[in-house]
Amino acid sequence: MQIKNTLRLYNTLTREIEDFVPGNDRKVGVYACGPTVYDYTHIGHIRKYVFDDVLVRLLRYLAYDVTHVMNITDVGHLVSDADTGEDKLEKGARREGKTAWDVAKFYEDYFFKTMDQVLVSRPDVICRATEYIPEQISLIQKLEALGFTYTISDGVYFDSTKFANYGKLAGFIPEKQLAGARVEQVAGKKHATDFALWKLTSAGIKRDMEWESPWGKGFPGWHIECSAMSMKFLGDTIDIHTGGIDHIPIHHTNEIAQSEAATGKQFVKYWIHHNFLLVNGTKMSKSLDNYYTLEDIVKRSFMPVALRYLFLQTHYRQESNFTWEALDAAQTAYRELKSQVAVIKTQVEKGERQSLSEEKLVKVNNLRKEFKDVIRMDLNTPQTLACVWQILKSNVPVIDKYELLMICDEILGLGLLEVASASSYIEPIPGEIEKLLRLRSQLRSEKKFNEADRVRKDIENKGYTVIDEPESSSVKKN
Ligand code: AMP
Ligand code: ZN
């Protein structure tokens, strides 16, 4: 197989791996569907945003001038994708006895704190749905003027039958595919695949978030925010749009319909969709309450960045099943990698130089080419990690090794070359202490409390304090 010298990406729209050619020379617009901020960010989200981060890093490494935009869904995402049920934010507010505004702020902050710990860089533009209501209203007005909408007592709806090729992203025939699927329907909605652009506040319902509009007081449907904000920041056609595979049949299908109906132009050139992180074979999700947060990971003495390493071991289009054993192995590998890189770094700083023979020059060039080829081939991070180990094991001069590793790390973002800093890198708990902690948990679960106490004292004598919580135990350095 011949691999070309360009970035190749799998495009959900064409179901093919294509050469990446942006619309405007070196300028690239990337729009990422961001989190719905009504509950804790879990490690399934981390998987998605780590890959967005790697994609943007790779584009920048390839000298593209990237604008990375990510939205924050802080209104309008209903419990059911069929435009019924409560707004997730308002539901979160009731659950916590706070306003929807406070809930959104709290979970947005939590999201970014989580992302900082796994070394995910901030997007260039972070846009909240609630801050761009006028833009959403004017897009709906445009669709209304063009005859794509109808209004019922519940709100303004997009008529999916008026848009040719509705469902092209998911590859379905709308009515046939979804007639039985969306059982719960809004009264007055004409077709199962029609979707809300603007929802009117129902009489007698109190909402924290609502706005005046030409159709009455209410709030935007979930999909319109992404079309309005991406157009505002990236223009009518975006180069790359990312999201989880759950977004293909509804959210992204509807984004395409409303955007292309309004502009008459292609909305997105390359659709990139990430597969899920599973737990016991089921999607990890807030609504199923089967998730772990980053805090759960840290409590069990794992470094946040070990999670990043773990996720990079699986290709983004494949499912990944989370287990503690896999995380343990990823952490061991990451530590080994980091310590080997540290040795090389010291050698380079000491100025240890070896001459580059003809044979080694060829080797260095081959290592560089191989690594670049695999990462450019639809972000093959598992093979890229294999290349990193190959570089480490090779007998090329340390200065060349170091340079190659710098490039790898620029793209993978594992923080291999950085000195530990408090915000991005939590000092690892020594393996010996981790083992003792696990032994103690095991003894406690077997109700061998005297023995467990002896292990605790052992840990304390080694300079660590044990913290017990209902679900787990952790240690803190004294
Ligand atoms: P949400 O906050 O649920 O709207 O999700 C934000 C993004 O995270 C979406 O692109 C989802 O597809 C993605 N996501 C949610 N759960 C998972 C998971 N278990 N694995 C991978 N991505 C996920
Ligand atoms: Zn979106």
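Owing to the predicted nature of the structure, the values given are computational and were not obtained by experimental measurement.

### Regarding the coordination of the zinc ion (ligand 2)
Part 1 of the reasoning: With distances of 2.0 to 2.8 Å, the protein atoms coordinating the zinc ion (ligand 2) are C33 (SG), C226 (SG), H251 (NE2) and E255 (OE).
Part 2 of the reasoning: Classification of the site at the zinc ion (ligand 2) as irregular follows from its four donor atoms and the range of 70 to 132° in their angles at the metal.
Part 3 of the reasoning: In the primary structure, the donors to the zinc ion (ligand 2) are separated according to the pattern C-x192-C-x24-H-x3-E. Of this pair, C226 sits in helix α6 (residues 224–234) while H251 sits in helix α7 (residues 248–263), and the two are 25 residues apart along the sequence. As far as burial versus exposure is concerned, C226 and H251 are alike and both buried.

### A look at the packing of aromatic side chains
Part 1 of the reasoning: Counted according to the given criterion, the structure contains 21 aromatic pairs.
Part 2 of the reasoning: Aromatic side chains Y132 and F233 sit 5.6 Å apart centroid to centroid with 85° between the ring planes, which places their arrangement in the edge-to-face category. Of this pair, Y132 sits in the loop between β5 (125–128) and α4 (133–145) while F233 sits in helix α6; the two residues are 101 residues apart in sequence, bridging distant segments of the chain.
Part 3 of the reasoning: The ring of Y150 carries K190 above its face, with NZ or CZ at 4.4 Å from the centroid.
Part 4 of the reasoning: Cation over ring: R317 sits above Y10, and NZ or CZ is 4.1 Å from the ring centre.

### So, the domain arrangement of the chain
Part 1 of the reasoning: Annotation of the chain at the domain level lists domain 1 (8–274), domain 2 (279–418) and domain 3 (431–477).
Part 2 of the reasoning: In this structure, domain 1 and domain 3 have C-alpha centres spaced 46 Å apart.

### Overview of the sheet that holds strand β13 (residues 282–283)
Part 1 of the reasoning: Ordered in space as β13-β12-β14, the three strands form an open sheet in which the pairing is mixed. Both edges of this open sheet fall to β13 and β14 (320–321), since each of them pairs with a single strand only.
Part 2 of the reasoning: Across two bridges, the pairing between strand β12 (residues 277–279) and β14 is parallel. Among the inter-strand pairings, L277 is bridged to a residue of β14, identified as S320.

### Focus: the pattern of salt bridges
Part 1 of the reasoning: With the rule as written, the count across this model stands at 32 salt bridges.
Part 2 of the reasoning: In this structure, the salt-bridge partner of R207 is D87, at a minimum N-O distance of 3.0 Å. Taken together, the residues span a long stretch of sequence, with R207 in the loop between β8 (195–200) and β9 (218–220) and D87 in the loop between β4 (65–72) and α2 (88–96) at a distance of 120 residues. Considered together, R207 and D87 belong to a single accessibility category, that of buried residues.
Part 3 of the reasoning: Of the charged contacts in the structure, one is a salt bridge between R456 and D453, with a shortest N-O distance of 3.4 Å. Residue R456 and its partner D453 are both found in helix α15 (residues 449–461); the two are separated by three residues, about one turn of the helix.
Part 4 of the reasoning: Among the residues examined, R456 registers a relative accessible area of 22% and is labelled partly exposed.

Calculation notes
- Sequence order as written defines the numbering, with residues in each chain counted from 1.
- Labels are handed out in written order, letters beginning with A for the chains and numbers beginning with 1 for the ligands.
- Only residues with pLDDT of at least 70 get local features here, since the model is predicted, and only at 80 or more are side-chain atom pairs given and counted; chain-wide, interface and lining totals rely on the full set of residues.
- Note that the side-chain values use all heavy atoms of the structure and ignore hydrogens as well as water.
- A donor here means an N, O or S atom no more than 2.8 Å from the metal, or no more than 3.2 Å when the metal is Na, K or Ca. Since water is not included, a site may seem to lack partners.
- A four-donor site is called tetrahedral if each angle lies between 85 and 135 degrees; a four-donor site is square planar, and a six-donor site octahedral, when trans pairs exceed 155 degrees and the remaining angles lie between 65 and 115; all other cases are labelled irregular.
- To qualify as a helix, a DSSP run of H or I must reach at least 4 residues; to qualify as a strand, a run of E must reach at least 2; elements of each kind are numbered from the N terminus.
- Buried residues are those whose accessible area, probed at 1.4 Å on protein chains only, stays under 20% of the maximum for their type, while exposed residues exceed 50% and partly exposed ones sit between those limits.
- To pair, rings of Phe, Tyr and Trp, with the six-membered ring standing in for Trp, must have centres within 6.5 Å; the planes then decide the type, stacked if under 30 degrees apart, edge-to-face if over 60, and tilted in the middle.
- Two conditions define a charge sitting above a ring: the NZ of Lys or the CZ of Arg must be within 6 Å of the ring centre, and it must be within 35 degrees of the ring normal.
- What marks off one domain from the next here is an automatic or database domain assignment.
- Here a strand pair is declared whenever DSSP counts at least two bridges between the two strands.
- What makes a salt bridge here is a side-chain nitrogen of Lys or Arg within 4 Å of a carboxyl oxygen of Asp or Glu, nothing more.

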